[in-house]
Amino acid sequence: MSAVLMDGKSLAKKIKEQVRCEVEQLARKPGLAVILVGENPATRVYVDGKTRDCRQCGIYSEEYALLESSSQQEVIDLIETLNDRDDIDGIMVQIPLPEHMDAQTVLRAVRPDKDLDCVHPYNLGQLMLGQDAFQPCTPAGIMRLL
């Protein structure tokens, strides 16, 4: 059996173009909110990539960069505000969170229908039961590449 070259960049470009075409047909652009607490250089690169990808696909995005000293309740209050907004379809809370925050409590504050990372217990349960649910981005991307 010969080796197969997996070209992730080429596939990503193709998928982004497909998504852009689909988004153009929608009555309104989908909206993404990304919450970043503190300054983690690796997370910053990841968030910048999401912002760039959204722009390339025609998806509306907002970034909320909070200070590391922000309280857990401030983050939850922001999530609750985003949960209630009709123009925000998905919310991603970047982890790791600062040590003074309980990540599970913060992540559970995201409404299941806006949980794009599939970290809410409801979505995890749906996924484990083989029910329709958002799939975690990285594993879903790997499966698509394979």
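Here is what the cut-offs are and how they apply
- Residues numbered from 1 in each chain as written.
- Predicted model: local features only at pLDDT ≥ 70, side-chain atom pairs only at ≥ 80, totals over all residues.
- Heavy atoms only, no water.
- Helix = DSSP H or I, 4+ residues; strand = E, 2+ residues; numbered from the N terminus.
- Buried < 20%, exposed > 50% of the residue type's maximum accessible area, 1.4 Å probe, protein only.
- Contact = heavy atoms within 4.5 Å.
- Lys, Arg positive; Asp, Glu negative; His and termini not counted.
- Charge placed at Lys NZ, Arg CZ, Asp CG, Glu CD.
- Patch = residues over 30% accessible without salt bridge, like charges linked within 9 Å, V, L, I, M, F, W, Y side chains within 5 Å.
- Areas by Shrake-Rupley, 256 points an atom, 1.4 Å probe, with all protein chains shown as cover.
- Salt bridge = Lys/Arg side-chain N within 4 Å of Asp/Glu carboxyl O.
- Core = buried A, V, L, I, M, F, W, Y, C linked by side-chain atoms within 4.5 Å.
- Pairing = 2+ DSSP bridges.
- Axes fitted to C-alpha atoms, helices over the stretch in contact; angles between N-to-C directions.

Asks: How would you explain the overall build of the protein chain if you had to name every residue and give the values?
Replies: Regarding its fold elements, the protein chain presents 6 helices and 3 strands. Reading the helices (α) and strands (β) of the protein chain from amino to carboxyl end gives α-β-α-β-α-β-α-α-α. Seen along its three principal axes, the alpha-carbon backbone of the protein chain occupies a region of about 55 × 40 × 35 Å. Taking all 146 residues of the protein chain together, 30% fall into the buried category. At a minimum sequence separation of 6, the contacts of the protein chain that also span at least 24 residues come to 67%. On the protein chain, the mean spot of the 16 positive side-chain charges and the mean spot of the 23 negative ones are 9 Å from each other.

Asks: Mind laying out a negative patch on the surface, listing which residues take part and the relevant values?
Replies: A cluster of acidic side chains, namely Glu74, Asp77, Glu80, Asp84 and Asp86, defines a negative patch on the protein surface. Position of Glu80 among the secondary structure elements: in helix 3 (residues 72-83). Judged by its relative accessible area of 41%, Glu80 is partly exposed.

Asks: Which residues make up the environment of Leu145, and what are the values?
Replies: Turning to its location among the elements, Leu145 is positioned in helix 6 (residues 137-145). It is 6.6 Å that separates the C-alpha atoms of Leu145 and Gly8, two residues lying 137 residues apart in sequence. Setting aside anything within four residues of it in sequence, one finds Leu145 in contact with Met6, Asp7, Gly8 and Leu11.

Asks: Break down the nonpolar core for me, citing the residues and quoting the values.
Replies: The biggest cluster of nonpolar side chains holds 17 residues, and the ones touching the most others in it are Ile35, Val75, Ile79, Leu82, Ile91, Val93 and Val106. Of all the elements in the fold, those that place two or more residues in this core are strand 1 (31-37), helix 3, strand 3 (90-93) and helix 4 (103-108). Ignoring anything within four residues of it in the chain, the contact list for Val93 reads Ile35, Ile79, Val106, Leu107, Val110 and Asp117.

Asks: Report on the sheet that holds strand 2 (residues 60-66), specifying residues and quantitative values.
Replies: Strand order in this open sheet of 3 strands is 2-1-3, and the pairing throughout is parallel. Two strands in the sheet have a free side with no partner beyond their single neighbour: strand 2 and strand 3. Within this sheet the neighbouring strands show an average axis-to-axis angle of 15°, counted without direction.

Asks: Now, about unusual backbone geometry: what can you tell me, with residues and values included?
Replies: In this model, Ile95 is joined to Pro96 through a cis peptide bond whose omega is 10°. For Pro96, the position within the fold is in the loop between strand 3 and helix 4. Even without glycine at this site, Cys118 takes up a positive phi of about 55°. Among the structural elements, Cys118 can be located in the loop between helix 4 and helix 5 (121-128).

Asks: Summarise the pattern of salt bridges; cite the residues concerned and give the values.
Replies: As enumerated under the stated definition, the model contains 10 salt bridges in all. Among the ionic pairs, Asp48 bridges to Arg44, the shortest N-O distance being 3.0 Å. One end of the pair is Asp48 and the other is Arg44, both in helix 2 (residues 41-57) and 4 residues apart, which spans about a single turn. Looking at Asp48, the relative accessible area reads 37%, which means it is partly exposed. Across the pair Arg52 and Asp53 runs a salt bridge whose closest N-O atoms are separated by 4.0 Å. Judged by relative accessible area, Arg52 falls into the partly exposed class, the value being 40%.

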